[in-house]
Each structure stands twice: as structure tokens, then as C-alpha cells.
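# Summary of the model geometry
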Number of protein chains: 2
Amino acid sequence: MLGYLYPLRTYLVVAGTIENPNPMTADWVVPLSFNPPMLGVAIGKTRHTRKLIEEQKDFVIAVPTVELLKDVWVAGTVSGAKERKADKMSVTFVESQKVKAPSIKECQANLECRVVNEVETGDHIFFVGEIVNVTHGDAFSDGKPDTRNYKFLMHAFTGSNFTYQSDEILKP
Amino acid sequence: MLGYLYPLRTYLVVAGTIENPNPMTADWVVPLSFNPPMLGVAIGKTRHTRKLIEEQKDFVIAVPTVELLKDVWVAGTVSGAKERKADKMSVTFVESQKVKAPSIKECQANLECRVVNEVETGDHIFFVGEIVNVTHGDAFSDGKPDTRNYKFLMHAFTGSNFTYQSDEILKP
């Protein structure tokens, strides 16, 4: 039934440390509060990422653009419990400023989050994070996305179908 | 800081009843579980919609396409506490099959939800809903969105800037 909410944006949720980064593709990411700034991400209960976030109580939401599609696919299909995903990806993990989980240099934004709540939602755990720091590239100015010049990655629907937004801006 | 997650899909969350429908524009909607099917929506604490959902314990997430942009704008800017929004919109409210909150005929999908949890997240309340029924139009077949033939509405960033997805499908 969840296909009716698609297409949805695709992000990377980065758990672990700079020594052992573990990125995972995540469509199920949502803003939750302006003040304090908060977001949420739902992670499958059986995922390695769930275990890592529960232990360390922080994570990073990294914002890829279309150029990182192959890396996003690896992060979404390889199991971090069995293989070191970072070695199979082209991206560079860099230290975050306020959390242990690393950021991704090639992503256009990295939202550093501290876990403030965990809620069981069916077959997933919903992690509520307070955003304690953001770093970003030129796809954003004044905190707003540059939708004319950057292709923000979307999952068209589950499986290997992706798309991105049009550059057309509509005014009501 | 939440602008770094945009652009995001825009939906309508419908509270109230067929006699007194109250639609609100909502970008902060997220899938939460495959089995049972669940989704979440974050609603500002001061919103009339929050009160309605807390009382009735159900809501509908309706999926508009670009043709409904003007209605989406009304639903997002008029206060349901002060005015009857439904009268200012062109859409038709119809009875849902399994919840009291109505569906919207012109929307391409209506996901009927029963509230199973409410979580305080900063200045919003995050309602966790189990999806108990879905009705849909021809923008979806086999539960998948038809991204080539339908323009699924997106909020480019906060304010009056909207966009929609490209019709290009990328394969990793």
C-alpha cells in the first residue's frame, strides 16, 4: 500500500564511525519539528543500521544528487552486517562536527542528528533525531534547495527505479 | 535546517467527517511499516487538524497531482479553526470506506488511516497511522505510481514554490 506515497526522495542514513562508516539508502525520512529542528527516519528492525544507531545514539542524513545514484544503489542493496559497504562505494567519508557518525563529502547536505526518541512502528523502528549541525554544498543557498541547477534524487517506486524533480517551478 | 530535506512531496491530510471535512496540506508524511502497513504525519501542535485527529483517531492521506495545486494552496494557508476550508476548494469530499475522515474524489489516491500512536516531536505531534484501506485512480496501477503520465506534486521548499517530478526514469 505504501507505493501510493511514491515517488519519494531518497537519502543516505549514515551510522557508525569514521573508522567504520555504514551508509544505508533511506526513502523513509521526514521533517518533524522547526524548533528544535528535528527529523525522523524509519529503519527496518532487522537492519544492521538499526543496531548501530541504537548503540551510538546518533546518525547523519546525507543528501545525494543524481550523480551518486550508483553509490545509493550499493548502500541500499549490500548488507552492512556481511560486507563493508564503504569499500564498494566511490564516496568519501569525513568527520562530522557534532556527532560520531560520519558525513559524506560528495553529498550536497549532511544533517547531523542525535537520537532523542525511538518508536516501534510495525516492522520498523522510527528514530527521532534532533538536528544539531548541518554542512552543505552549493546545491543549497540560504538553506533552500537549488531546484533549477541540481537533480535531487528520488525513488520512483520500490526497486531500481529512480527519477528526479523537474526544473519547473509552479506558483499557485 | 529542514530546507536541506527539500524538495519533498506534498499531500493533503484530511481530518473531520463527511459533514465537516477539514483538509490540510502536509509535506511531512512518511511510510513507516510494510506489515502492517503504516505511515506517519507530523502536524503542528497549534493546528486545528491536530485537535480533530486526536478526537476522532483517524485521518486520510490524499495524493494530489499538479492539477490540484490551487486547492492544495488553500488547504495549506486557510485556517480550519476560523473558516470552512472545504467551501473555498474545488474538490469533492466523499465517504471513506473504513474511517470517518472523508476522502477526496479528485485525488489520485486516498490512504485511510487509524491512529495507533501519537508522539510529541518538538513543536509538532507525529501521528502514527495504520493504513486500513486505499482507493486510487489511474495514476497508480499495481500500487505503483505512473511517473510518466502523472505530475505528482512537490513542495520545492517552504512557501509558495512547487514543482513535480521529471518523467525520466534512471536505472542504476
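Residues numbered from 1 in each chain as written. Chains lettered and ligands numbered in written order. Predicted model: local features only at pLDDT ≥ 70, side-chain atom pairs only at ≥ 80, totals over all residues. Heavy atoms only, no water.

If you look chain A up in an unreviewed UniProt entry, it shows as Flavin reductase like domain-containing protein from Geoglobus ahangari. UniProt's Cofactor (unreviewed entry) comment on chain A is quoted here verbatim: "FMN". Regarding chain A, the relevant UniProt record gives this comment under Sequence similarities (unreviewed entry): "Belongs to the flavoredoxin family." (UniProt positions renumbered as here; feature names shortened; annotations may be inferred.)

## Section: the UniProt feature "domain: Flavin reductase like" (unreviewed entry) in chain A
UniProt's entry tags residues 3-152 of chain A with the feature "domain: Flavin reductase like" (unreviewed entry), counted in the numbering of this structure. Along residues 3-152 of chain A one finds 12% helix and 44% strand; the C-alpha atoms at either end are 20 Å apart. (Helix = DSSP H or I, 4+ residues; strand = E, 2+ residues; numbered from the N terminus.)

## Remarks on the interface of chain B and chain A
Every contact between the two is made by 63 residues of chain B and, on the other side, 64 residues of chain A. Roughly 5900 Å² of surface becomes buried between chain B and chain A when both sides are summed, with 72% attributable to carbon and sulfur atoms. The largest contributions to the chain B side of the interface with chain A come from Tyr4, Leu5 and Pro172 of chain B, which together make up 14% of the buried area. Summed over the shared surface of chain B and chain A, the result is 21 residue pairs in polar contact (both at pLDDT 80 or more). Per-element tally for the side of chain B that touches chain A: the top contributor is strand 10 (residues 124-136) of chain B, with 6 residues. Looking at side-chain class alone, the side of chain B that touches chain A contains 42 nonpolar, 15 polar and 6 charged residues. (Contact = heavy atoms within 4.5 Å. Buried area = accessible area lost by both parts, 1.4 Å probe. Polar contact = N/O pair within 3.5 Å; in protein donor to acceptor, adjacent residues only side chain to side chain. Nonpolar A, V, L, I, M, F, W, Y, C, P; charged D, E, K, R; others polar.)

## Some details on the sheet that holds strand 4 (residues 29-33) of chain B
Residues and elements named next belong to chain B. Read from one edge of the open sheet, 7 strands run 3-2-6-9-10-5-4, paired in antiparallel fashion. Here the strands that pair on one side only, and so sit at the sheet edges, are strand 3 (21-26) and strand 4. For this sheet, the mean inter-axis angle between neighbouring strands, taken without regard to orientation, is 35 degrees. Judged from the 3 bridges that link them, strand 2 (residues 11-16) and strand 6 (residues 58-63) form a sheet pairing that is antiparallel. Residue Val14 lies in a different strand from strand 6, and its bridge partner there is Val60. Helix 1 (residues 48-56) contacts strand 2, strand 3, strand 5 (38-44), strand 6, strand 9 (109-121) and strand 10 of the sheet and is inclined by roughly 55 degrees relative to strand 2. Sitting on the sheet, helix 2 (residues 69-77) touches strand 2 and strand 3, and the angle it makes with strand 3 is about 100 degrees. (Pairing = 2+ DSSP bridges. Axes fitted to C-alpha atoms, helices over the stretch in contact; angles between N-to-C directions.)

## Regarding empty space enclosed by the protein
Considering all chains together, one arrives at 1 cavity of 30 Å³ or more under this definition. Here the largest cavity defines a volume of roughly 100 Å³. In terms of lining, the largest cavity is formed by 14 residues, of which the most central are Leu8, Arg9 and Val29 of chain A together with Leu8 and Val29 of chain B. Counting only elements with at least two residues in the lining of the largest cavity, the list comes to strand 1 (8-9) and strand 4 (29-33) of chain A together with strand 1 (8-9) and strand 4 of chain B. (1 Å grid on protein atoms, 1.4 Å probe; cavity = no way out; pocket = protein on both sides within 12 Å on 5 of 7 lines; lining within 4 Å. Points joined across faces, edges and corners; volume = space filled by probe spheres on them.)

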